[in-house]
Amino acid sequence: MSERQAGLHLWGRITSINVRKVTWALQEVGVPFERTDAGLAYGVVDTPAYAADNPNRLVPLLQDGDFTLWESNVIVRYLCARYAPPDTLYPAELQRRFDAERWMDWQQTTLNRAGGPAFVQLFRTLPAQRQPALIEASRAAMAPLIAMLDAHLATHSWMLGEHFTMADIPVACDVHRWWGLPLPTPQAPHVQRWFSAILARPATRGVLDIPLA
């Protein structure tokens, strides 16, 4: 990692929701990239070389030549701003751009925190050690958020309106994770319609069509 190479290199396992976001964004903008598994069983993140570029020792980490970047939603913004056609994934008009920013922050600070505990319990915790109360609390926290998202999408084709933007990527990754848990699927027809349109995008292949792990 200390040796810089031309092109884009993504570090992180695809089973990470945050790595899924970045992989999808890379595929949306259509630039060649390499991805190296890192984190959990793959290790790498605890090496001095990795820590020099990402002192959090987490995934993902993006290398774009001599430039490195961590924090998944920031990486998505960067890729859309730098590599997507102007005013497509990264809105040019200031208020639309910050509308997208708002939803991306909401995913990270609210949606992810509500649904994450159930995922950890059901996929990263041994059955004998699971705490049903934590799963139920997570389900209860997610219910009003999915309802809020459903109400928003009742009047929007995509998160910002008529066009797919960077705002859709993090929110859809969280919905993908929530829909993939062995829990009752919420009645959210507008979210389901939007998510079906998300899955039809070719750039989601290898990201949202693989199971949780």
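Here, every reference points to the structure presented above.
Residues numbered from 1 in each chain as written. Predicted model: local features only at pLDDT ≥ 70, side-chain atom pairs only at ≥ 80, totals over all residues. Heavy atoms only, no water.

Draft legend 1. Quick look at helix H7 (residues 189-199). Among the residues of H7, those classed as buried are Val-191, Trp-194, Phe-195 and Ile-198. Around the axis of H7, the buried residues are gathered within 100 degrees of arc, so they sit on the same side. Those residues of H7 that are buried are in contact with helix H1 (17-29), helix H5 (132-153) and helix H6 (168-179). (Buried < 20%, exposed > 50% of the residue type's maximum accessible area, 1.4 Å probe, protein only. Helix = DSSP H or I, 4+ residues; strand = E, 2+ residues; numbered from the N terminus. Arc of directions from axis to C-beta. Contact = heavy atoms within 4.5 Å.)

Draft legend 2. Geometry of the environment of Gln-95. Topologically, Gln-95 is positioned in helix H4 (residues 94-123). On the basis of relative accessible area, Gln-95 is assigned to the exposed category, the value being 65%. Through-space distance from the C-alpha of Gln-95 to that of Leu-62 is 27 Å; in sequence the pair is 33 residues apart.

Draft legend 3. Summary view of unusual backbone geometry. In the segment running from Val-59 into Pro-60, the intervening peptide bond is cis, with an omega of 5 degrees. Structurally, Pro-60 is set in the loop between helix H2 (48-53) and strand E3 (61-64). In the Ramachandran plot, Leu-40 falls in the positive-phi region, its phi being about 50 degrees despite a non-glycine side chain. You can see Leu-40 is positioned in the loop between strand E2 (33-36) and H2. Non-glycine residue Asp-87 carries a positive phi angle of around 55 degrees. Secondary-structure assignment places Asp-87 in the loop between helix H3 (72-83) and H4. Accessibility expressed as a relative area gives 48% for Asp-87, which makes it partly exposed.

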